[in-house]
Amino acid sequence: MNYKLIDMDIHGDNRGKLIAIEGTKNIPFDIKRVYYIYDTIPEESRGFHAHKTLEQLIVAIDGACQFVLDDGKTREKVWLNSPNKALYIGKNMWREMKHFSYGCKLMVLASEYYDEKEYIRSYDEFLKEVNA
Ligand code: T46
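Residues numbered from 1 in each chain as written. Predicted model: local features only at pLDDT ≥ 70, side-chain atom pairs only at ≥ 80, totals over all residues. Heavy atoms only, no water.

(A) Representation of the site of the ligand in the model. By nearness alone, 13 residues border the ligand, and Arg33, Arg46, His51, Gln56 and Tyr119 come closest of all. Arginine 46 is positioned with one of its side-chain polar atoms (N or O) 2.7 Å from an oxygen atom of the ligand. Within the side chain of tyrosine 119, one N or O atom sits 2.6 Å away from an oxygen atom of the ligand. For the ligand, whose accessible area on its own is 650 Å², the fraction buried by protein is 68%. The pocket occupied by the ligand, as judged from atoms lying within 2 Å of grid points, is the largest pocket. Within the residue set of the shell around the ligand, elements represented by two or more residues are strand E4 (33–37), strand E5 (46–51) and strand E10 (94–98). It is E5 that provides the largest number of residues to the shell around the ligand, a total of four residues. (Near = heavy atom within 4 Å. Polar contact = N/O pair within 3.5 Å; in protein donor to acceptor, adjacent residues only side chain to side chain. Areas by Shrake-Rupley, 256 points an atom, 1.4 Å probe, with all protein chains shown as cover. 1 Å grid on protein atoms, 1.4 Å probe; cavity = no way out; pocket = protein on both sides within 12 Å on 5 of 7 lines; lining within 4 Å. Sits in = over half its atoms within 2 Å of the grid points. Helix = DSSP H or I, 4+ residues; strand = E, 2+ residues; numbered from the N terminus.)

Next comes the structure, spelled out in structure tokens:
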């Protein structure tokens, strides 16, 4: 499975907490793009796609949600529910995002600029790609 959960170092003191993410230093790629997902609701799932080449790091800055991760052979579920837990997802991994808490905020760091052509949005096509 081309994903891993990374425990980020917390720099905390009596003023609060701070986490730093540095491309290629504490995550495995250079960061070209940042986006965030917010105003989520539990009834609406997202994702349902894979990426041919993109690598991403996802952090639930606030709230929680479940990721379903699938490499075409195995399907695993991972909860993101803490700002110091970062989910790295490499290429060729099908992902579904479910059970968002109200107002969950996800921050996503990506290794490439946005390119819709690089998405695989059909599960059948994904299975063909990974079993080729
Ligand atoms: C992923 C999960 C975790 C852009 O115009 N630029 C962007 O950088 C992105 C990410 C999206 N968009 C547009 C494309 C769609 O019209 O925003 C709209 C919503 O995107 P999408 O339906 O792909 O959103 P999610 O939440 O299903 O998936 C997103 C990322 O697209 C995806 O790469 O891994 O978050």
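(B) Spotlight on the side chain of histidine 51. One can find histidine 51 in strand E5. Of note is the side chain of histidine 51, whose polar atom sits 2.8 Å from the side chain of glutamate 118. If we ignore the near neighbours within four places in the chain, the residues touching histidine 51 are Gln56, Lys91, Asn92, Met93, Arg95, Glu118 and Tyr119. (Contact = heavy atoms within 4.5 Å.)

(C) Representation of the environment of lysine 25 in the model. Topologically, lysine 25 is positioned in the loop between strand E3 (16–18) and E4. For the pair lysine 25 and lysine 4, spaced 21 residues apart in sequence, the C-alpha to C-alpha distance is 16 Å.

(D) The pattern of salt bridges, seen in detail. Here the structure, examined in full by the defined rule, presents eight salt bridges. For aspartate 115, the salt bridge identified is with lysine 117, shortest N-O distance 3.5 Å. According to the relative accessible area criterion, lysine 117 is exposed, its value standing at 69%. Across the salt bridge formed by glutamate 116 and arginine 121, the nearest N and O atoms sit 2.7 Å from each other. On the basis of relative accessibility, which here comes to 35%, the residue glutamate 116 falls in the partly exposed class. The exposure class of arginine 121 is partly exposed, given its relative accessible area of 45%. Beyond isolated ion pairs, a larger network of salt bridges with shared partners links Asp70, Arg75, Glu96 and Lys98. (Salt bridge = Lys/Arg side-chain N within 4 Å of Asp/Glu carboxyl O. Buried < 20%, exposed > 50% of the residue type's maximum accessible area, 1.4 Å probe, protein only.)

(E) Focus on unusual backbone geometry. Non-glycine residue asparagine 92 carries a positive phi angle of around 60 degrees. Within the secondary structure, asparagine 92 sits in the loop between strand E9 (85–89) and E10. For asparagine 92, a relative accessible area of 23% gives the class partly exposed. At histidine 99, a residue that is not glycine, the phi angle is positive and equals roughly 50 degrees. Looking at where histidine 99 falls in the secondary structure, it is placed in the loop between E10 and strand E11 (105–110). The class for histidine 99 is partly exposed, based on a relative accessible area of 47%.

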